[in-house]
Amino acid sequence: GEDVEQSLFLSVREGDSSVINCTYTDSSSTYLYWYKQEPGAGLQLLTYIFSNMDMKQDQRLTVLLNKKDKHLSLRIADTQTGDSAIYFCALGGTGGFKTIFGAGTRLFVKA
Amino acid sequence: DTEVTQTPKHLVMGMTNKKSLKCEQHMGHRAMYWYKQKAKKPPELMFVYSYEKLSINESVPSRFSPECPNSSLLNLHLHALQPEDSALYLCASRSVTTNEKLFFGSGTQLSVL
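Remember, predicted model here, so these are calculated numbers, not experimental data.

Parameters at a glance
- Residues numbered from 1 in each chain as written.
- Chains lettered and ligands numbered in written order.
- Predicted model: local features only at pLDDT ≥ 70, side-chain atom pairs only at ≥ 80, totals over all residues.
- Heavy atoms only, no water.
- Phe/Tyr/Trp six-rings, centres within 6.5 Å; stacked < 30°, edge-to-face > 60°.
- Lys NZ or Arg CZ within 6 Å of the ring centre and 35° of its normal.
- Contact = heavy atoms within 4.5 Å.
- Buried area = accessible area lost by both parts, 1.4 Å probe.
- Salt bridge = Lys/Arg side-chain N within 4 Å of Asp/Glu carboxyl O.
- Helix = DSSP H or I, 4+ residues; strand = E, 2+ residues; numbered from the N terminus.
- Core = buried A, V, L, I, M, F, W, Y, C linked by side-chain atoms within 4.5 Å.
- Buried < 20%, exposed > 50% of the residue type's maximum accessible area, 1.4 Å probe, protein only.
- Pairing = 2+ DSSP bridges.
- Axes fitted to C-alpha atoms, helices over the stretch in contact; angles between N-to-C directions.
- Patch = residues over 30% accessible without salt bridge, like charges linked within 9 Å, V, L, I, M, F, W, Y side chains within 5 Å.
- Areas by Shrake-Rupley, 256 points an atom, 1.4 Å probe, with all protein chains shown as cover.
- Disulfide = S-S within 2.5 Å.

## Notes on the packing of aromatic side chains
- For the structure on display, the rule yields 13 aromatic pairs over all chains.
- Residues A:Y33 and A:Y35 carry aromatic rings whose centres are separated by 5.9 Å and whose planes lie at 45° to one another, so their mutual orientation is tilted.
- Each residue in the set A:Y31, A:Y33, A:Y35, A:Y48, A:F50, A:F88, A:F101, B:Y33, B:Y35 and B:F104 is aromatic and connected to the rest through ring pairs, giving one cluster.
- The ring of A:Y48 has A:K56 lying over it, and the distance from NZ or CZ to the ring centre is 4.1 Å.

## Brief notes about the interface of chain A and chain B
- Listed by partner, the interface residues are 24 residues for chain A and 25 residues for chain B.
- When the buried surface of chain A facing chain B is broken down by residue, A:L43, A:F97 and A:K98 rank first, second and third, together holding 35% of it.
- Along the contact surface separating chain A from chain B lie one salt bridge.
- Of all the secondary-structure elements, those providing two or more residues to the side of chain A that touches chain B are β4 (31–37), β5 (43–50) and β9 (85–92) of chain A.

## Considerations on the side chain of A:T62
- Assignment of secondary structure puts A:T62 in strand β7 (residues 61–66).
- Once residues lying within four places of it in the same chain are set aside, the contact partners of A:T62 are A:M55, A:K56, A:Q57, A:S73, A:L74 and A:R75.

## Comments concerning the nonpolar core
All names here are of chain B.
- Formed by 22 residues in total, the largest nonpolar core has its most connected members in W34, F64, L76 and L78.
- Elements represented by at least two residues in this core include exactly β2 (10–13), β3 (18–25), β4 (31–37), β5 (44–50), β7 (64–70), β8 (73–79), β9 (87–94) and β11 (108–112).
- Once residues within four sequence positions are removed from consideration, L76 is found in contact with K19, S20, L21, W34, M46, F47, F64, S65, P66 and Y89.

## A short note on the sheet that holds β3(B)
All names here are of chain B.
- Pairing is antiparallel across the open sheet formed by four strands, whose spatial order is β1-β3-β8-β7. Two strands lie at the open edges of the sheet, namely β1 (4–7) and β7, each paired on one side alone. Adjacent strand axes in the sheet meet at a mean angle of 20°, parallel and antiparallel pairs treated alike.
- As paired strands, β3 and β8 are joined by seven bridges and run antiparallel to one another. The partner of S20 across the bridge, within β8, is H77.

## Focus on a nonpolar patch on the surface
- Together, A:L8, A:F9 and A:F108 give the surface a local cluster of nonpolar side chains, amounting to about 340 Å² of exposed area.
- With respect to the element layout, A:F9 can be found in strand β2 (residues 9–13).

## Notes on the state of the cysteines
- Under the defined criterion, the tally for this structure stands at two disulfides over all chains.
- Two residues share a disulfide in this structure: A:C22 and A:C89, whose sulfurs sit 2.0 Å from each other. Torsion about the S-S bond of the A:C22 and A:C89 cystine: about -60°, corresponding to left-handed handedness. Residue A:C22 is found in strand β3 (residues 18–24), and its partner A:C89 is found in strand β9; the two are separated by 67 residues along the sequence.
- Unpaired in this structure, B:C68 has its nearest cysteine sulfur neighbour in B:C23, at a distance of 9.2 Å.

## Thoughts on the sheet that holds strand β6 (residues 55–58) of chain A
Residue and element names in this part refer to chain A.
- Pairing in this open sheet of five strands is antiparallel, and the strands run β1-β3-β8-β7-β6 from one edge to the other. Every interior strand has two partners, whereas the edge strands, β1 (4–6) and β6, have only one. Neighbour-to-neighbour, the strand axes of this sheet turn through a mean angle of 15°, independent of strand direction.
- Pairing analysis gives four bridges linking β6 to β7, with the strands arranged antiparallel. Among the inter-strand pairings, D58 is bridged to a residue of β7, identified as L61.

Next comes the structure, spelled out in structure tokens:
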């Protein structure tokens, strides 16, 4: 089955850029997502990219997709303390109902 | 309205109790989900309803019983749970026909004593 891997922890200083990486094994997914989860809350969709795109920018967020290497990344510019959360990479759009989640990367922003 | 509303937010129950978790959305989504999430882990899929019919059951124990009374509501009935069932239970919904992004509720934090 599909395997989605993420590093578990990232620490950055406030104002720096954060880059969260994700690798996956199955290239049949149509949509690749980034979800954010704050403590005690549900998951919030941050952004997503279609599999036929290489890059998507949305304000402070930049998503890069390297289909050849099966690598997805999320860059957060000017990281703020409010960005501290767990970020999940997820794959969907294979025609079924399942979304495959990575283990999540915990982002810690130091003031 | 782009919200998925879950009640209650917190629930403590004994192993002999019967309780229900509720989820509601008014986005017209015809696919609704239950996920279980343990601390520091990704959500694990439990059930999917599509057009109010159960489409996916990920081999969930029968002490969890889902119900979809109409296109806006989703329930999860709990009976004779075990302490290891303590977790955050998340409801989600999505459109069946368009972009498959999931909209999540804020969850019910369940503790089984």
